[in-house]
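Tertiary structure, described
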Amino acid sequence: MRKTEQFSITLPKEMAAEVRHRVESGLYATESEVLRDGLRTLLARDKALESWLNGRVAAAYDAYKAHPENVLDGEEVKARLGELRASRKRGK
């Protein structure tokens, strides 16, 4: 049984030219390799994004929900950043 499946796709002219350029330049042996690499990159990006959302973003949201009193508003953040910049300038 085949481990591959053939697709027919349509690309905008600019994307098709980029695929051809990558093959002609020797970066890839075939157009299929270009598209497979692009899909692998997309899948890796999606996995990293999902991991970030489930890890850091979810944890930050949970912390906010548990202790909303610890959250700074925009003006407080701006003031603290101003203080930090000023202290760093004084330290130089």
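Up top is the structure these notes are about.
Residues numbered from 1 in each chain as written. Predicted model: local features only at pLDDT ≥ 70, side-chain atom pairs only at ≥ 80, totals over all residues. Heavy atoms only, no water.

1. Section: a nonpolar patch on the surface
Together, Phe7, Ile9, Leu11, Met15 and Leu35 make up a nonpolar patch on the protein surface, roughly 500 Å² of accessible area in all. Along the chain, phenylalanine 7 turns up in the segment before helix H1 (13-24). (Patch = residues over 30% accessible without salt bridge, like charges linked within 9 Å, V, L, I, M, F, W, Y side chains within 5 Å. Areas by Shrake-Rupley, 256 points an atom, 1.4 Å probe, with all protein chains shown as cover. Salt bridge = Lys/Arg side-chain N within 4 Å of Asp/Glu carboxyl O. Helix = DSSP H or I, 4+ residues; strand = E, 2+ residues; numbered from the N terminus.)

2. Examining the packing of aromatic side chains
Going through the model one piece at a time under the given rule, you end up with 1 aromatic pair. Ring plane angle 45° and centroid distance 6.4 Å describe the contact between tyrosine 61 and tyrosine 64, whose orientation is recorded as tilted. You can see tyrosine 61 and its partner tyrosine 64 sitting in helix H2 (residues 31-66), 3 residues apart, about one turn around the helix. (Phe/Tyr/Trp six-rings, centres within 6.5 Å; stacked < 30°, edge-to-face > 60°.)

3. Structural notes on helix H3 (residues 74-91)
Because the α-helix completes a turn every 3.6 residues, residues three or four places apart line up on one side. With 18 residues, H3 ought to run about 26 Å at 1.5 Å a step, and its terminal C-alpha atoms sit 26 Å apart, in line with that. N-capping of H3 is provided by aspartate 73, with a side-chain oxygen placed 3.1 Å from the backbone N of glutamate 75. (Expected span 1.5 Å × (residues − 1). Polar contact = N/O pair within 3.5 Å; in protein donor to acceptor, adjacent residues only side chain to side chain.)

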